[in-house]
Amino acid sequence: MSGGQAPEDRFPTFRVLAQAPAWDAATRELVLSRVRPPHPPVYLNGHEFATATALVGQLLDLDDELAAHLAASIDHRLTEDETDGWHYDDMPVDHDVWRQVLAGLDDDARQRNGTTFVELPAAEQHALLHALHTSQDERWHDLNRGHTWDLLLRYTCTAYYAHPAAWDEMGWPGPAYPRGYKNIGIDAREPFEQEDRVPSADPTKDRDDE
Amino acid sequence: MRYRDVRKRNESAWLLPADHRRTNQALREGMRTFGDDDEVDLVVVGCGAGGSTLMQRLARHGWRIVGIDAGPFWDPEADWVSDEAGSHKLYWTEPRTIGGGDPVPLGSNNSGRGVGGSMIHYAGYAPRFHPSDFKELTNEGVGADWPIDYADLQPYYEAIEEELPVAGQPWPWGVPHRYPQSPHPVGGNGEVFQRGALAAGIEARVGPVAISNGRFGHRSHCIYRGFCLQGCKVNAKASPLITHLPDAIEHGVEIRPDTMVSRIGFDERTGLATGVHYLRNGREHFQKARMVAVAGYSIETPRLLLNSANDRFPNGMLNDFDLVGRYLMVQGAPQTAARFDSEIRMYKAPPPEVSTEQFYETDPSKPYKRGFSIQTVSPLPITWAEHVAAQGHWGRELRERMSDYVHWACLGALCEFLPLAENRITLSEEKDRHGLPVAHMSYSQCDNDKMLVDAATTVMSEILSAAGGTDVITIKRYAHLVGGARMGATERDGVVDRECRAFAVPNIVIPDGSVFPTQGSANPALSIMANAARVADALATRPMPSATEVPAGAAA
Ligand SMILES: Cc1cc2nc3c(=O)[nH]c(=O)nc-3n(C[C@H](O)[C@H](O)[C@H](O)COP(=O)(O)OP(=O)(O)OC[C@H]3O[C@@H](n4cnc5c(N)ncnc54)[C@H](O)[C@@H]3O)c2cc1C
Ligand code: SF4
């Protein structure tokens, strides 16, 4: 695949956390808590947590350390039942979906390779998820396949795009209170914002779409 | 606008502290309180757009009122954060289930929970309905007729626009009008909309937004930080927490937060409501009241009525004609985005900036009835990831596209979906943590709905392309629930009458968005507040049902 710009190249020296002193206390405390070492999982058991970490790592192409961070924040949501306040009537409640998915990935991995999902080589994990994503079947194990995929990606993206590492690679300065913005408008920047180094590197172009 | 006149009828903005503290703690601490056995004049379920406006108005007529809300009594400085994920607690995250032919995922677009209601995290657009919205069935053969007209709401629109206050350019659509405050400057996303609309021959205007442009009372000026959907820590964006409740408390209203109403009390002998059963700190209570207002939002209002079934109303309170929960509406809200080589940085400035209502009315040359509006929306990263993921991306590809964020501009449409009987709230088998059945929301679109979404998407693409955007992408979304307990001319058309009093139980009133028979393509909060102010005036002139005014069904 590819032809796109590596996400790390656009704002290589932009560090959102450098601005933390300018944030209000409530927000600063919250954001800093996301970069501290995570609590051990509560809802997921050790094997499930390892599977979730591998899954999250694949879903956003992240290294293990960051993936484990995100998996921990998902575990926290599942423990607290911190859902988005709704689920499809043909789906179980979110924490049951996660448990079923993690077991389902192991089933699929065993069928492919005779191993668990975590033990699969990364390329095989990717292929397995690719198959799950592009399958034409309505069901996957006991779940609605499309709704399941959307739920996994929604939880994972919510965790990652709440993390300063993600904001760095987007050039997004994060919290903005009490400072606000003074230079609004096209191509206007604040002193603490950085220019995109490769503005014409449109990631939607020159790609042999899979 | 004369600030002096606004202050005379609603002092809220002057009752807030003038410094960064944002909350008048002394006012809250000194708040009047009532005992469960004090029979108050009115108990209000839900301190959101409708409930709060009703309380503020009636408190000024001397009514003794308790306002109950399931969520916290927010302190913007201490409780809210300038962060997307951290604002999750503003939403109603108690369970709800969704289904039907076109289920509506509520997502982070969910309704609010806490004093101030959904306006705590609404975007802030404050348009009016058009006169055509009130007589669609008669004039166009679709939707429903309201038992009131635009003229009934007009003076209340004007009053609430001053109290929020609303900023924007003079408005050419519907009944043309001006706004009390001049338009805000626009950011990159607004500029794209203006430029594209001009090139495509479409009229667009800045506003109307309920964000103060300048100091208003003790409220501060907007700092253009773009977190309006996460709660405004600045007190610049209007919500009842700062626009109506301070004045209500000053006039003797008690706000009872963190309190969940489970059922409406009812006396079979008189045929009247007696108050509300509620849960607080794990204990059950009953607040006596001479009148009950249900203002819990279009999902929780029908749910509470259905959960309040009794011998007289075996299918749910007020549900003699199977209307409770029905004719629920969402607006089709597709969002279309495009890429620019320039940096747009749509996260700067409030998401609500520029809009057009040029396509609001029925266009006889089109195969569909009614229309849509188009507005700027400026998703922050987590929400933007939904747009990118909806295109089928994941893994490295998703992150590459996300890292392109500063180059994207995004518009949203509001399509007037028609009221359909089968789109409804019912009770699910599933229970919440209090053991109360949760709401199930069923939704299916009709052909007209689908045609509107396609038409709106086409116009948004035209605007973005005319502005020089490329790589147009669209995500299908929904917004703004109304209906579910609609007002009608007779008890066979509606749950409540033109004054929003229940036909079946005259001391129950519904002042929230549930009563809307149609929805136009305007965001609803201003209309909800204006209607609640109208309802309050009617109640103040014709207050309590007298003992002789017993409902028809109650004699048995
Ligand atoms: C993300 C988002 C953006 C929006 N943007 C806009 C916009 O730009 N412009 C616009 O006009 N509208 C917008 N809206 C919609 C607008 O906020 C709502 O339509 C409006 O606030 C609804 O008013 P309401 O009085 O019906 O209910 P709400 O304001 O939601 O108030 C209901 C209150 O009742 C409480 N409650 C419910 N059930 C119970 C119970 N059983 N016991 C105790 N308390 C209970 C809830 O906690 C809540 O506080 C937006 C909404 C969302 C979610
Ligand atoms: S952009 Fe303005 S109105 Fe919106 S949250 Fe920030 S200060 Fe409040």
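Residues numbered from 1 in each chain as written. Chains lettered and ligands numbered in written order. Predicted model: local features only at pLDDT ≥ 70, side-chain atom pairs only at ≥ 80, totals over all residues. Heavy atoms only, no water.

(A) Spatial organisation of the overall build of chain B. In terms of regular secondary structure, chain B is built from 14 helices and 19 strands. Taking 24 Å as the expected radius of gyration for a compact globule of 556 residues, we find that chain B reaches 22 Å, a close match to that expectation. When the backbone C-alpha atoms are referred to their principal axes, chain B occupies close to 70 × 50 × 45 Å. Across chain B, the fraction of contacts at a sequence separation of at least 24, relative to all contacts at a separation of at least 6, is 75%. Of the roughly 17400 Å² that chain B leaves accessible, carbon and sulfur atoms contribute 49%. The average position of the 56 basic charges and that of the 67 acidic charges among the side chains of chain B differ by 4 Å. (Helix = DSSP H or I, 4+ residues; strand = E, 2+ residues; numbered from the N terminus. Rg over C-alpha atoms; globule rule 2.2 N^0.38 Å. Contact = heavy atoms within 4.5 Å. Areas by Shrake-Rupley, 256 points an atom, 1.4 Å probe, with all protein chains shown as cover. Lys, Arg positive; Asp, Glu negative; His and termini not counted. Charge placed at Lys NZ, Arg CZ, Asp CG, Glu CD.)

(B) Expanded view of unusual backbone geometry. Note that the residue after Tyr177 of chain A, namely Pro178 of chain A, is joined by a cis bond; omega there is 5 degrees. Tracing the backbone shows Pro178 of chain A in the segment after helix H7 (164-170). Cis geometry marks the peptide bond from Gly207 of chain B to Pro208 of chain B, where omega comes out at -10 degrees. Despite not being glycine, Asp61 of chain A shows a phi value in the positive range, around 55 degrees. For Asp61 of chain A, the location among the structural elements is in the loop between helix H2 (46-60) and helix H3 (64-80). Owing to a relative accessible area of 33%, Asp61 of chain A belongs among the partly exposed residues under this scheme. Phi at Tyr224 of chain B is positive, roughly 55 degrees, even though this residue is not glycine. (Buried < 20%, exposed > 50% of the residue type's maximum accessible area, 1.4 Å probe, protein only.)

(C) Main features of the site of ligand 2. What surrounds ligand 2 is the set Ile211, Cys222, Ile223, Tyr224, Arg225, Gly226, Phe227, Cys228, Cys232, Val234, Lys237 and Pro350 of chain B. Partitioning the shell around ligand 2 into residue classes produces nine nonpolar, one polar and two charged. (Near = heavy atom within 4 Å. Nonpolar A, V, L, I, M, F, W, Y, C, P; charged D, E, K, R; others polar.)

(D) Representation of helix H4 (residues 94-113) of chain A within the structure. All names here are of chain A. Over its 20 residues, H4 extends 28 Å from the first C-alpha to the last, a length consistent with the 28 Å expected when each residue adds 1.5 Å. Here H4 has its buried residues at Asp94, His95, Val97, Trp98, Val101, Leu102, Gly104, Leu105, Asp106, Asp108 and Ala109. The first or second residue beyond H4 is Gly114, which carries a positive phi of 75 degrees. (Expected span 1.5 Å × (residues − 1).)

(E) Local environment of the site of ligand 1. Residue and element names in this part refer to chain B. Lining the immediate environment of ligand 1, one finds 37 residues, of which Gly50, Asp69, Ser118, Tyr125 and Ala525 sit closest. Between ligand 1 and the protein, one listed contact pairs an oxygen atom with a backbone N or O atom of Ala49 at 3.1 Å. Here ligand 1 loses 98% of its free accessible area of 1000 Å² to cover by the protein chains. Among the elements of the structure, helix H3 (49-59), strand S6 (260-267), helix H10 (297-307) and helix H14 (525-541) are those that each provide at least two residues to the shell around ligand 1. A class-by-class count of the residues in the shell around ligand 1 yields 17 nonpolar, 16 polar and four charged. (Polar contact = N/O pair within 3.5 Å; in protein donor to acceptor, adjacent residues only side chain to side chain.)

(F) Up close: the side chain of Asp196 of chain A. Within the element layout of this structure, Asp196 of chain A appears in the segment after H7. A relative accessible area of 2% means that Asp196 of chain A is categorised as buried. Looking at Asp196 of chain A, its side chain comes within polar contact range of the main-chain nitrogen of Val198 of chain A, at 3.0 Å. A polar side-chain atom of Asp196 of chain A sits 2.5 Å from a polar atom in the side chain of His407 of chain B.

(G) Examining the pairing of S6 of chain B more closely. All names here are of chain B. Among the eight residues that make up S6, six are buried, leaving the element largely enclosed by the rest of the structure. Bridge count between S6 and strand S7 (residues 272-280): seven bridges; the pairing is antiparallel. Looking at the pairing, Asp267 lines up with Leu272 of S7. What sits between S6 and S7 in their antiparallel hairpin is a turn of four residues, with Gly271 showing a positive phi close to 75 degrees. (Pairing = 2+ DSSP bridges.)

(H) Geometry of the packing of aromatic side chains. Applying the stated rule across the entire model yields 30 aromatic pairs over all chains. When the centroid spacing of 5.2 Å and the interplanar angle of 10 degrees are considered together, the rings of Phe359 of chain B and Phe372 of chain B count as stacked. Taken together, the positions of Phe359 of chain B in the loop between strand S12 (354-356) and strand S13 (372-376) and Phe372 of chain B in strand S13 put the pair 13 residues apart, joining distant regions of the chain. The partly exposed category is assigned to Phe359 of chain B, whose relative accessible area is 22%. Judged by relative accessible area, which is 2%, Phe372 of chain B ranks as buried. An aromatic cluster of at least three residues, connected via ring pairs, comprises Trp167, Trp172, Tyr181 and Phe192 of chain A together with Phe227, Tyr347, Trp384, Tyr405 and Trp408 of chain B. Residue placement shows Arg28 of chain B over the ring face of Phe73 of chain B; its charged tip is 3.8 Å from the ring centre. (Phe/Tyr/Trp six-rings, centres within 6.5 Å; stacked < 30°, edge-to-face > 60°. Lys NZ or Arg CZ within 6 Å of the ring centre and 35° of its normal.)

(I) Representation of the state of the cysteines within the structure. One pass over the full model with this rule turns up zero disulfides over all chains. Sulfur of Cys157 of chain A: no disulfide; nearest cysteine sulfur belongs to Cys410 of chain B and is 16 Å away. What makes Cys157 of chain A buried here is its relative accessible area of 4%. Free of any disulfide, Cys410 of chain B has its nearest neighbouring cysteine sulfur in Cys415 of chain B, separated by 14 Å. (Disulfide = S-S within 2.5 Å.)

(J) Just the environment of Asp37 of chain B, in detail. Among the structural elements, Asp37 of chain B can be located in the loop between helix H2 (25-29) and strand S1 (42-45). Between the C-alpha atoms of Asp37 of chain B and Ala289 of chain B, which are 252 residues apart in sequence, the distance is 8.8 Å.

(K) Representation of the packing of H3 of chain B against helix H6 (residues 150-163) of chain B. All names here are of chain B. Taken N-terminus to C-terminus, the directions of H3 and H6 make an angle of 95 degrees; their axes are 14 Å apart at the nearest point. In terms of their interaxial angle, H3 and H6 are classed as roughly perpendicular. Here H3 contributes Thr53, Gln56 and Arg57 to the contact with H6, which in turn contributes Ala159, Ile160 and Glu163. Classifying every residue of the contact of H3 with H6 by side-chain character gives two nonpolar, two polar and two charged. (Axes fitted to C-alpha atoms, helices over the stretch in contact; angles between N-to-C directions. Parallel < 35°, antiparallel > 145°, perpendicular 65-115°, else oblique.)

(L) Up close: the interface of chain A and chain B. In this complex, chain A contributes 77 residues to the contact, which on the side of chain B involves 72 residues. Carbon and sulfur atoms supply 57% of the area buried between chain A and chain B, which totals about 5800 Å² over both sides. For chain A, the biggest contributors to the area lost against chain B are Trp172, Tyr177 and Ile186 of chain A; these three give 13% of the whole. In this structure, the connection of chain A to chain B is made through eleven salt bridges. (Buried area = accessible area lost by both parts, 1.4 Å probe. Salt bridge = Lys/Arg side-chain N within 4 Å of Asp/Glu carboxyl O.)

(M) Inspection of the pattern of salt bridges at higher detail. By the definition in use, this model includes 53 salt bridges over all chains. Asp24 of chain A is the salt-bridge partner of Lys233 of chain B, the closest N and O atoms lying 3.3 Å from each other. Residue Lys233 of chain B is located in the loop between strand S4 (205-206) and helix H8 (240-243), and its partner Asp24 of chain A is located in the segment before helix H1 (25-33); the two belong to separate chains. Here the two residues Lys233 of chain B and Asp24 of chain A agree in accessibility, since each one is buried. Taking the shortest distance from any N to any O, the salt bridge between Arg112 of chain A and Glu124 of chain A comes out at 3.6 Å. Of the two residues, Arg112 of chain A sits in helix H4 while Glu124 of chain A sits in helix H5 (residues 122-134), which places them twelve residues apart along the sequence.

(N) Summary view of the sheet that holds strand S3 (residues 97-99) of chain B. Spatially, S1(A)-S3(B)-S16(B)-S15(B) is the arrangement adopted by the four strands of the open sheet, whose pairing is mixed. Edge strands, defined here as strands with exactly one partner in the open sheet, are strand S1 (87-88) of chain A together with strand S15 (424-431) of chain B. One ladder, built from two bridges, connects S1 of chain A with S3 of chain B; its direction is parallel. Across the sheet, the residue bridging to His87 of chain A is Thr97 of chain B, located in S3 of chain B.

(O) Quick look at the sheet that holds S7 of chain B. All names here are of chain B. In space, the three strands of this open sheet follow the order S6-S7-S8, with antiparallel pairing throughout. In this open sheet, the two edge strands, each paired with only one partner strand, are S6 and strand S8 (283-288). If you compare each strand with its neighbour and ignore which way they point, the axes differ by 30 degrees on average. Taken together, the six bridges between S7 and S8 define a ladder with antiparallel strand orientation. Within S8, the residue paired with Leu279 across the bridge is Glu284.

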